[in-house]
Amino acid sequence: MPLTEENGTRKLAAIMFTDIKGFSKKMGENEVAAMQILHTHDTMMKAVVAKYGGTVIKSIGDSFMVDFSSAVNAVKCAIDAQENFWNHNKEKSEFEKIEIRVGVHLGDVITVGNDIYGDGVNIAARIEAITEPTRICISQDVYNQVKKKMQIRVYNIGSIELKNIDEPVEVFEILLDSIPELSEPSQSALQSPTRKKADAITKQEEEEARQVEVAKKKADEERQKEEEKQRKAQEIFQKAEAYFQAGAIDNAEAELKEVYKIVSMHYGAQMLTLQIEEERTKHEEEERRHRIKEEKRRKEEERKQHIQDCLQQAMQHVEHDQFNEALAAVQKVYTIDPNNAEAKKLEEQIRQAERAKAELDQLQAAEAERQAQQEALRQRQATAEELAKTKTAVEEKPRIQARHIKSRLKLYAGIGAAVIVLAVGAFLASSYLSKPPSFAVFPLQNGSLRGADNYIGTTFSSLLANGLAHGQQTTVISTSSTASVDPNTASAFDVQYVLQGTVQVSGSGVTANVKLLEVKNQQTVWESNFVTNVSKMNEVAAKAAEAILKQLNIESPPLTAQQASVHTEANELYFHGVALIHQPKIGSIEEGINLLQQSLQVDSAFALGRAALGEGLLLHFKRSGEKDARLLTDVTQSCSMALQFNKNTALAYQVLGEAYRLTQQFDRSRDVVMKSLSLQPGNADCYRQLAMLSLIEGNVEKALEHVTMATKLDPRSYESYFVKGLVHHYKREFAEAVQAYEDASLTGAQDSLLTVDYKFSAWNGIDAEDKIISYCNQLMNRASIESKLELTYLIAQAQQLSGKQESLEKLKEGIEAGRIFLEQNPTNVTVTAYLALMHSRSGNFELAQKEMASAVALNPKSAQLLYWQARVFAIQNKKANALEALAKAVAMEYNFSEILNPDFNSIAKDPDFAATIARK
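Residues numbered from 1 in each chain as written. Predicted model: local features only at pLDDT ≥ 70, side-chain atom pairs only at ≥ 80, totals over all residues. Heavy atoms only, no water.

Colleague: Before we move on, could you go through the overall build of the chain and cite the residues and values that matter?
Modeller: Each helix and strand in the chain was counted, giving 37 helices and 13 strands. For the chain, the computed accessible surface area is about 46,400 Å², with 49% contributed by carbon and sulfur atoms. (Helix = DSSP H or I, 4+ residues; strand = E, 2+ residues; numbered from the N terminus. Areas by Shrake-Rupley, 256 points an atom, 1.4 Å probe, with all protein chains shown as cover.)

Colleague: Describe in detail the packing of helix α8 (residues 249-262) against helix α9 (residues 267-319), supporting the description with residues and values.
Modeller: Two quantities define a packed helix pair, namely the angle between the axes and the distance from one axis to the other. For the pair α8 and α9, interaxial distance at closest approach is 11 Å and the crossing angle is 150°. Between α8 and α9, the crossing angle belongs to the class labelled roughly antiparallel. Like other packed secondary-structure pairs, α8 and α9 cross with a definite hand, here left-handed. Along the contact surface, α8 presents Ile 249, Asp 250, Ala 252, Glu 253, Leu 256, Val 259 and Tyr 260, while α9 presents Ala 269, Gln 270, Leu 272, Thr 273, Ile 276, Glu 279 and Arg 280. The residue inventory of the contact of α8 with α9, partitioned by class, reads eight nonpolar, two polar and four charged. (Axes fitted to C-alpha atoms, helices over the stretch in contact; angles between N-to-C directions. Parallel < 35°, antiparallel > 145°, perpendicular 65-115°, else oblique. Left-handed = near helix turned anticlockwise from the far one by under 90°. Contact = heavy atoms within 4.5 Å. Nonpolar A, V, L, I, M, F, W, Y, C, P; charged D, E, K, R; others polar.)

Colleague: Which residues make up the sheet that holds strand β13 (residues 523-533), and what values do they have?
Modeller: The sheet built from five strands is open, its strands ordered β10-β9-β11-β12-β13 with mixed pairing. Of all strands in the sheet, those bounded by a partner on one side alone are β10 (475-477) and β13. If you compare each strand with its neighbour and ignore which way they point, the axes differ by 20° on average. Pairing between strand β9 (residues 438-441) and strand β11 (residues 497-506): three bridges, direction parallel. Following the sheet pairing, Val 441 is matched in β11 by Leu 499. Across the face of the sheet, helix α16 (residues 537-551) comes into contact with β9, β11, β12 (509-518) and β13 while running at roughly 160° to β13. (Pairing = 2+ DSSP bridges.)

Colleague: Describe the pairing of strand β1 (residues 9-20), with residues and values.
Modeller: Pairing of β1 with strand β4 (residues 100-112), which is carried by 12 bridges, proceeds in the antiparallel orientation. In the sheet register, Thr 18 faces β4, and the bridge partner there is Val 102.

Colleague: Hey, could you go over the layout of surface pockets for me, with residue numbers and the actual values?
Modeller: Of the volumes computed, that of the largest pocket is approximately 2,400 Å³. Around the largest pocket, the lining is made up of 48 residues, and of these Gln 36, Ile 37, Thr 40, Lys 850 and Glu 851 lie nearest the centre. For the lining of the largest pocket, the secondary structure elements donating two or more residues are α2 (31-51), α3 (71-88), α7 (195-245), α30 (806-824), α31 (829-842) and α32 (845-858). For the lining of the largest pocket, the element with the most residues is α2, which contributes 10 residues. Along the lines of polarity and charge, the residues of the lining of the largest pocket split into 17 nonpolar, 15 polar and 16 charged. (1 Å grid on protein atoms, 1.4 Å probe; cavity = no way out; pocket = protein on both sides within 12 Å on 5 of 7 lines; lining within 4 Å. Points joined across faces, edges and corners; volume = space filled by probe spheres on them.)

Colleague: Summarise the packing of α31 against helix α33 (residues 863-875); cite the residues concerned and give the values.
Modeller: Closest axis-to-axis distance for the α31/α33 pair is 9 Å, and the angle between their directions is 10°. Between α31 and α33, the interaxial angle falls into the category roughly parallel. Between α31 and α33, the residues in contact are Val 829, Thr 830, Ala 833, Tyr 834, Ala 836, Leu 837, Ser 840 and Arg 841 and Leu 865, Trp 868, Arg 871, Val 872 and Ile 875, respectively. Of the residues belonging to the contact of α31 with α33, the class tally is nine nonpolar, two polar and two charged.

Colleague: Mind laying out the pattern of salt bridges, listing which residues take part and the relevant values?
Modeller: Per the counting criterion, the structure on display carries 43 salt bridges. Notably, a salt bridge pairs Arg 303 with Glu 300, separated by 2.7 Å at the nearest N-O pair. In this pair, Arg 303 and Glu 300 are both assigned in helix α9, three residues apart and thus about one turn of the helix distant. The partly exposed category is assigned to Arg 303, whose relative accessible area is 27%. Note that Glu 539 is salt-bridged to Lys 536, the shortest N-O span being 4.0 Å. Exposure remark for Glu 539: the relative accessible area of 38% places this residue in the partly exposed category. Salt bridges sharing partners connect three or more residues here, namely Glu 295, Arg 298, Lys 299 and Glu 302. (Salt bridge = Lys/Arg side-chain N within 4 Å of Asp/Glu carboxyl O. Buried < 20%, exposed > 50% of the residue type's maximum accessible area, 1.4 Å probe, protein only.)

Colleague: Could you give an account of the nonpolar core, naming the residues involved and the relevant values?
Modeller: Phe 460 and Leu 468 are the most contacted members of the largest nonpolar core, which has 64 residues in total. Residue contacts for Phe 460: discarding those within four places in its chain leaves Leu 444, Ala 512, Phe 530, Met 537, Val 540 and Ala 541. In this structure, Ala 762, Ala 889, Ala 908 and Phe 913 belong to the second largest nonpolar core, which totals 56 residues. (Core = buried A, V, L, I, M, F, W, Y, C linked by side-chain atoms within 4.5 Å.)

Colleague: Give me the lowdown on unusual backbone geometry, citing residues and values where you can.
Modeller: With a phi close to 60°, Glu 91 is a non-glycine residue in the positive phi region. With respect to the secondary-structure elements, Glu 91 resides in the loop between α3 and β4. Positive phi is not limited to glycine here, since Gln 664 has a value of about 70°. Its place among the elements puts Gln 664 in the loop between α21 (650-662) and α22 (666-679).

Colleague: If you had to explain the confidence of the model for the chain to someone new, which residues and values would you point to?
Modeller: Looking at the chain, the pLDDT average stands at 84 and 89% of residues meet or exceed 70. The spread of mean pLDDT over the elements of the chain runs between helix α13 (residues 417-434), the lowest at 36, and strand β6 (residues 136-139), the highest at 97. Scored below 50 in pLDDT, residues 1-5 shows five contacts in the model against residues more than four places distant or in partner chains. Counted against residues more than four places away or in other chains, residues 390-433, with its pLDDT under 50, gives 54 contacts. (pLDDT = per-residue confidence, 0-100.)

Colleague: Quick one: what's the story with the side chain of Lys 810, residue by residue and with numbers?
Modeller: Mapped onto the elements, Lys 810 comes out in helix α30. Residues in contact with Lys 810, not counting those within four places in the same chain, are Thr 792, Ile 795, Ala 796 and Gln 799.

Colleague: Hey, could you go over the environment of Thr 830 for me, with residue numbers and the actual values?
Modeller: Considering the arrangement of structural elements, one finds Thr 830 in helix α31. Since its relative accessible area comes to 27%, Thr 830 is described here as partly exposed. When the C-alpha atoms of Thr 830 and Glu 786 are compared, they prove to be 6.9 Å apart, with 44 residues separating the residues in sequence.

Colleague: Residues and numbers for the environment of Ile 785, please.
Modeller: Tracing the backbone shows Ile 785 in helix α29 (residues 785-801). Using a relative accessible area of 32% as the deciding quantity, one classes Ile 785 as partly exposed. Separated by 36 residues in sequence, Ile 785 and Phe 821 place their C-alpha atoms 8.1 Å apart.

Colleague: Would you mind going over the packing of aromatic side chains in detail, with residue names and values included?
Modeller: Within this structure, the stated rule accounts for 16 aromatic pairs. Ring plane angle 70° and centroid distance 6.2 Å describe the contact between Tyr 730 and Phe 896, whose orientation is recorded as edge-to-face. A residue pair is termed long-range when its members are at least 10 positions apart, and Tyr 730 in helix α25 (residues 718-730) and Phe 896 in helix α35 (residues 896-899) qualify at 166 residues. Comparing Tyr 730 with Phe 896 shows no difference in burial state: the two are buried. Between Tyr 793 and Tyr 834, the ring centres sit 5.9 Å apart and the planes meet at 55°, which makes this aromatic pair tilted. With Tyr 793 in helix α29 and Tyr 834 in helix α31, this residue pair connects regions lying 41 residues apart in the sequence. (Phe/Tyr/Trp six-rings, centres within 6.5 Å; stacked < 30°, edge-to-face > 60°.)

Below, the structure is given as structure tokens:
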């Protein structure tokens, strides 16, 4: 049992002393940062001491004194601590490193209250003083206890004289095999430290400890002052919150100003300020919507009245046989409403009446001629009987017809019901025939083969469609849209003609039957059989398209067939590869790329093959998340080589256009896209690219024109609906954008990328935060830490934009998770950026800017980080800073999803925002 002394209790204990290398120097360089390093050190030390059952007796400055009941646990704790700090220091700057020296002694000590005294304590302290940083030294007594109980290697420094210790103490340095740099004796150990050196180090450590204690005391005093300020600020904030709840917003704002006089930052006050702004914005928005609604209603009433006035004028003109004036009045209606049904009906009635009047005039002229003939007959003195017969035959019929025409004219002028029915039927028939010609070309059927297996039938149809598109004002639905539709349901495309047929393949021989049907009456208007081979398919398809256009009297320039390879094998590989790269799965695209590469091995000068390879690589880039930028370099090289072999390869220009846009070369992109359209009219992909380029240039209305054309030409392509969604999104027509994005998902878009990057933003615009929360929660379990942090932020963002108080708890949860992660991974810029965004939405503006500046400093060339920095400023309503960062980001990389992010809501309607994102 321990002996009881007058002033304490004596016992045998293992005492461990630690100290940080050069901590006073760090304090001199940057006291705030040094105190943060000390906090990290203290946290790590307390954790490892607790792990091995030790008790921290003192924490003086940057030193620790720890009591262990077991020498083995003391040594294990020392080794574990050095390994932890070694791993922590990896990739750290010299200032950020935490390098400690550890000394351990087993001896007799006296405990008084919570403190320990005696030679055992002094020896441990002196041993620590002679120890090199990152090293552990132990006394002979400790070594005797542990050498048979654990596997360690030591270096015997020898007996050393220690200050105020009567006898020399034999000291050992522990060699750590787990750390190669520490597996050999230190230089100090090899030289056997002197007592003079030990005393000097001890004195230096005592001075450092004193300085650190002074700094700690100063920090505590400042903390207490800050806590008092926060307490006073909190009392005033609670008054402000009560006013806000009672609806007294002005009073609440006055109290918040008092809060800011006391503290520059206050989480609750910042959030309440945002809520007040949101309330005012909501009220202003409601008033604005009401004004717009009333203005729309007034304009709509005026529009309807104007239409009715024009229609009334037209009917009055008809009553006076003023048909040209009547048609002019109808045309005024079309300038207001191009599809007005009443105007169309009335126009046809006017034309019917005009034709009836012309017919009546003709009959009256015939009657006059008849009378002249009658007079001539009289002069010839024809017999009375012959004259009577002639009179009956010639006179009665015109009179009956004249009466009938007059009756019809009266009915037309009076808008009789029966006449309207007939007029509408005649109008529909004539208008159908007068429409610009439109076609839907379906893949030629080859037995039971479908999709990529029917690559000959699909390719033949694509070639026919390209040829028909050269006709004047023709519209040809893209074969990518018709491929998934039964030809018997072609009416869904609202076209006049359907081209379909069959194909049989035998070796390299191809036999095809192609026929053109008129949709309205399902009559075959053209049909032909072709016997050719794969090398001649391009020429045959061009001649067939030319024959169809000629049959329908449609003007077109002479068609030039795209040049096939002179090698049959190269053509077969090419056609099969093209079919595969247009399949949705990555595996099929990769297989298609392989076949196209084999085709080029057979014929290296095959221009179409090189263009198709470029298209395949581009599709692989897009389907794999647009991450591997090296693929775009390969795309550009392949298409550029295609143009070297044949400068009229339309596909090469088309693919280059998209590659140039993705690499931010917008002028070059527009030039080559226009070149592609001149060679291949009706290309939906070109119109999609023009729409996106118009958005980038800031011309939203032009973008809408282009995407409307793309959707018309390729109505079952997810890319058409995606671009359509972008256009509506830019116009802040969120409901329409959501619908377009949903259509894109239904037609094959990668829903996960589309949802997080675009649907979330549009859902926020229609207050559908429940969908965002549900979707994020589904992804949360299988997400990485960075992704979880993003999902947490997206939930909080949606909640806050909808005015939900739950956002505060969600932000707090995200901030805590991000902080813990950064302790182990302090250079992770993604987590740092999301912390900045969450701090901004929590009202901690200064901390948010500090975090964001830290992230940008780690990677200043990242456009992504600049967009995030702009978002941080936008959330804080710092417009000038936000636009400055946004301008830099847009100049580096135009990113649609970032520009549409709801974090920009506070400035998105500002003309300066539109001007900043426009790349002229």
